[in-house]
Amino acid sequence: MVLSRFLRTVLAVLSGAVLLAPAVPGPALAASAERVAARRQVAAYLAAHPGGVAINDNEISYGGGALVITLRAPERSYAVADCPWGWYCFYDRTDFGYPRGKLSSCGRQNLATWQWQFRVESAHYNMSSGSVTFSYYDTPLFSVGAGNRIRADASPYRNWANYVNRWC
């Protein structure tokens, strides 16, 4: 039986793929599966909270970078205020549980702009000066600032804040 050159090439490629498949290390496959899961999480977050742009497999930007959402905490960081320098952060759970939103701009902002209203359960202020007040409309609830950087539990005002006001 005479096989065409094209068919022989296709068979050679398929045979090589079958022979090399067991040589792919397990961690590479696991990393690939983790990456797919991370991308699905970003897609699901964007479906539930439209208007953002994925920066990578763990972060989403809103308003051209005015607000950055980080979906998952870094490995081995539990119940730690981890807001990067130059930002103030608010967390979806007490004790700095993720997802985390971070802002740096001054003035009053409506958290509904990014669908973060009624979601703040803890906060961290990581700037050298100023403060930010979390409010329910015009009623101040709690503040964090250069003199009082963390609030691990926004109780009794968990999930009440729909505005923030940063004084610079």
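Described in the following lines is the structure provided in the data block. (Residues numbered from 1 in each chain as written. Predicted model: local features only at pLDDT ≥ 70, side-chain atom pairs only at ≥ 80, totals over all residues. Heavy atoms only, no water.)

### Describing the packing of aromatic side chains
Centre-to-centre distance and the angle between the planes together describe a pair of aromatic rings. How we decide: In this analysis, rings of Phe, Tyr and Trp, with Trp reduced to its six-membered ring, are considered paired at centre separations within 6.5 Å, and the interplanar angle assigns stacked below 30 degrees, edge-to-face beyond 60, and tilted for intermediate values. Distance and angle both matter: a charge sits over a ring if NZ of Lys or CZ of Arg is within 6 Å of the ring centre and within 35 degrees of the ring normal.
According to the stated counting rule, one finds 12 aromatic pairs in the structure shown. Residues Tyr88 and Phe90 carry aromatic rings whose centres are separated by 6.4 Å and whose planes lie at 50° to one another, so their mutual orientation is tilted. Each residue in the set Tyr88, Phe90, Trp116, Tyr125, Phe134 and Phe142 is aromatic and connected to the rest through ring pairs, giving one cluster. One Lys or Arg, Lys102, reaches over the ring of Trp87 and ends 4.8 Å from the middle of that ring. The ring of Tyr163 is capped by Arg108, whose NZ or CZ atom sits 3.9 Å from the centre of that ring.

### Here we look at the side chain of Asn165
Note the following rule: Helix numbers and strand numbers start at the N terminus; a helix is a DSSP run of H or I with at least 4 residues, a strand a run of E with at least 2. In protein, a polar contact requires one atom able to donate a hydrogen and another able to accept it; more generally it is a pair of N or O atoms within 3.5 Å, and residues adjacent in sequence count only if both atoms are side-chain atoms. Contacts are residue-level and defined by heavy atoms, with any inter-residue pair within 4.5 Å sufficient.
Mapped onto the fold, Asn165 is located in strand β11 (residues 163–167). Among the polar contacts made by the side chain of Asn165, one reaches the main-chain amide nitrogen of Arg108 at a distance of 3.2 Å. Ignoring anything within four residues of it in the chain, the contact list for Asn165 reads Gly107, Arg108, Ser131, Val132 and Thr133.

### Some words on the sheet that holds strand β1 (residues 53–54)
This is how the line gets drawn: A strand pair is defined by DSSP finding two or more bridges across the two strands.
Strand order across the open sheet formed by seven strands is β1-β2-β3-β5-β4-β7-β10, with antiparallel pairing between neighbours. Here the strands that pair on one side only, and so sit at the sheet edges, are β1 and β10 (150–151). When strand β2 (residues 59–62) meets strand β3 (residues 67–70), the two strands line up antiparallel, connected through four bridges. Considered in β3, the bridge of Ser61 is made with Val68.

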